[in-house]
Amino acid sequence: MDFTTQHSGHEAEIIALFTDTFTASEGAAEGQLIGKLAADMFATVDSRDMIVVCGRDGEDLIGSIIFTRMTYAEDDRTVFILSPVAVAPDHQRKGVGQSLLRHGLGVLRETGVDVVLTYGDPTYYSKVGFEQITEQTAQAPAPLSYPHGWLGQSLIGKALEPLKGPGRCVAALSDPSYW
Ligand SMILES: CC(C)(COP(=O)(O)OP(=O)(O)OC[C@H]1O[C@@H](n2cnc3c(N)ncnc32)[C@H](O)[C@@H]1OP(=O)(O)O)[C@@H](O)C(=O)NCCC(=O)NCCS
């Protein structure tokens, strides 16, 4: 798999990957919701606040992750959140997701990101270094319907110290239906 962080000009293809992958795994409504999330991010998030990692097999887009910036009002660390991630159905369960996640975390480190958060299955994300956290460690930007899925990791080689202040994500991700 080849990795790229160039998404300009490929937005429609990436949105289709998210729509199709989530439709296949969780149904049409979820597919539309996550496709819209990716589309809203491309339309509204400043390029400095977004990192998109794609995995390709030749010309074919087989996986993608979008990271967007979060801010904690009283904390000067650089924080990004991973959401969403998808691997095309025909390529799942072959290690593509973990390889894409590891590469993406490396890109964040190289970019100077201190902390990465996500919201998902703790068993899956623990394979790439995430640990379950509470809102004492990082306030979530919306009420969590599944607090067990609130996850984080430090990217600077020391323990994750609590992030100070209210947490804010990009507007595209702040809709309570994502949380
Ligand atoms: C979740 C996803 C990104 C994982 O990518 P992948 O390439 O299939 O995963 P990998 O091959 O790297 O890892 C496989 C392991 O992860 C676990 N795993 C895979 N998909 C999982 C899922 N949806 N939930 C929990 N664990 C999962 C399994 O333990 C699997 O190991 P096994 O094959 O021995 O059972 C991919 O399946 C996907 O796009 N799913 C649909 C969209 C989605 O759910 N995105 C994540 C939202 S939080």
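In the block above lies the structure referred to throughout.
What you see is a predicted model; the values in this text were computed from it and never measured.

*Asks:* Can you help me understand the site of the ligand in this one?
*Replies:* Taken together, the neighbourhood of the ligand is formed by 18 residues, with Val87, Arg93, Gly95, Gly97 and Gln98 sitting nearest. One of the backbone N or O atoms of glycine 95 is found 2.6 Å from an oxygen atom in the ligand. Cavity membership is defined here by more than half of the atoms lying within 2 Å of grid points; on that basis the ligand lies in the largest pocket. For the shell around the ligand, the elements supplying multiple residues, two or more each, are helix 1 (11-26), strand 4 (79-87), helix 3 (96-111) and helix 4 (122-125). With 4 residues, the single largest contributor to the shell around the ligand is helix 1. Classifying every residue of the shell around the ligand by side-chain character gives 7 nonpolar, 6 polar and 5 charged.

*Asks:* Help me understand the pairing of strand 4 in this model?
*Replies:* Looking down a regular strand, the side chains alternate between one sheet face and the other. Taken across its 9 residues, strand 4 has 9 buried, putting it largely inside the fold. Across 7 bridges, the pairing between strand 3 (residues 60-72) and strand 4 is antiparallel. The residue of strand 4 that forms the bridge with arginine 69 is phenylalanine 80. Where strand 3 hands over to strand 4, the hairpin turn is made up of 6 residues, counted between the paired strands. Inspection of the sheet shows strand 4 paired to strand 5 (residues 115-119) by 4 bridges, in the parallel sense.

*Asks:* I'm lost on the environment of leucine 61 in this one. Help?
*Replies:* Relative to the elements of secondary structure, leucine 61 occurs in strand 3. In this structure, the C-alpha to C-alpha distance between leucine 61 and phenylalanine 3, residues 58 residues apart in sequence, is 9.9 Å. Apart from residues lying up to four places away in sequence, leucine 61 is in contact with Glu13, Ile14, Leu17, Cys54, Gly55 and Arg56.

*Asks:* Can you help me understand the pairing of strand 5 in this one?
*Replies:* Taking burial as the measure, the 5 residues of strand 5 include 4 buried ones, the bulk of the element. This β-α-β element, strand 4 to helix 3 to strand 5, shows right-handed connectivity. Bridging between strand 5 and strand 7 (residues 150-154) involves 5 bridges; their strand directions are antiparallel. The partner of threonine 118 across the bridge, within strand 7, is leucine 151.

*Asks:* Quick question: what am I supposed to make of a negative patch on the surface here?
*Replies:* Taken together, the side chains of Asp2, Asp57, Glu59 and Asp60 make up a negatively charged region of the molecular surface. Assignment of secondary structure puts aspartate 2 in strand 1 (residues 2-4).

*Asks:* Could you clarify how one ought to interpret the nonpolar core in this entry?
*Replies:* Soluble globular proteins tend to bury their nonpolar side chains together. With 36 residues, the main nonpolar core has Met41, Leu117, Trp150, Leu173 and Trp179 as its most contacted residues. Listed by contribution, the elements that provide at least two residues to this core are helix 1, helix 2 (28-44), strand 2 (50-57), strand 3, strand 4 and strand 5. Counting residues per element, this core draws most heavily on helix 2, which supplies 5 residues. In this structure, Phe80, Leu100, Leu105 and Phe130 belong to the second largest nonpolar core, which totals 19 residues.

*Asks:* Please clarify how unusual backbone geometry should be interpreted in this entry.
*Replies:* Residues other than glycine predominantly adopt negative phi, and peptide bonds predominantly adopt the trans conformation. Along the chain, serine 83 connects to proline 84 via a cis peptide bond; the corresponding omega equals 0°. In the Ramachandran plot, arginine 93 falls in the positive-phi region, its phi being about 65° despite a non-glycine side chain. Mapped onto the secondary structure, arginine 93 falls in the loop between strand 4 and helix 3.

*Asks:* Just to check I follow, could you spell out helix 2 for this structure?
*Replies:* Think of an α-helix as turning once every 3.6 residues; residues three or four places apart then point the same way. Given a rise of 1.5 Å per residue, 17 residues ought to cover 24 Å, and the 24 Å separating the end C-alpha atoms of helix 2 matches this to within 8%. The set of residues buried in helix 2 consists of Gly31, Ile34, Gly35, Leu37, Ala38, Met41 and Phe42. Buried positions in helix 2, seen along its axis, are confined to an arc of 150° and lie on one side of it. Of the residues in helix 2, the exposed ones pointing more than 90 degrees away from the buried face are Ala28, Ala29, Gln32, Ala43 and Thr44. On its buried side, helix 2 packs onto helix 1, strand 2, strand 3 and strand 4.

Definitions and cut-offs
Residues numbered from 1 in each chain as written. Predicted model: local features only at pLDDT ≥ 70, side-chain atom pairs only at ≥ 80, totals over all residues. Heavy atoms only, no water. Near = heavy atom within 4 Å. Polar contact = N/O pair within 3.5 Å; in protein donor to acceptor, adjacent residues only side chain to side chain. 1 Å grid on protein atoms, 1.4 Å probe; cavity = no way out; pocket = protein on both sides within 12 Å on 5 of 7 lines; lining within 4 Å. Sits in = over half its atoms within 2 Å of the grid points. Helix = DSSP H or I, 4+ residues; strand = E, 2+ residues; numbered from the N terminus. Nonpolar A, V, L, I, M, F, W, Y, C, P; charged D, E, K, R; others polar. Buried < 20%, exposed > 50% of the residue type's maximum accessible area, 1.4 Å probe, protein only. Pairing = 2+ DSSP bridges. Contact = heavy atoms within 4.5 Å. Right-handed = clockwise from strand over helix to strand, strands pointing away. Patch = residues over 30% accessible without salt bridge, like charges linked within 9 Å, V, L, I, M, F, W, Y side chains within 5 Å. Areas by Shrake-Rupley, 256 points an atom, 1.4 Å probe, with all protein chains shown as cover. Salt bridge = Lys/Arg side-chain N within 4 Å of Asp/Glu carboxyl O. Lys, Arg positive; Asp, Glu negative; His and termini not counted. Charge placed at Lys NZ, Arg CZ, Asp CG, Glu CD. Core = buried A, V, L, I, M, F, W, Y, C linked by side-chain atoms within 4.5 Å. Expected span 1.5 Å × (residues − 1). Arc of directions from axis to C-beta.

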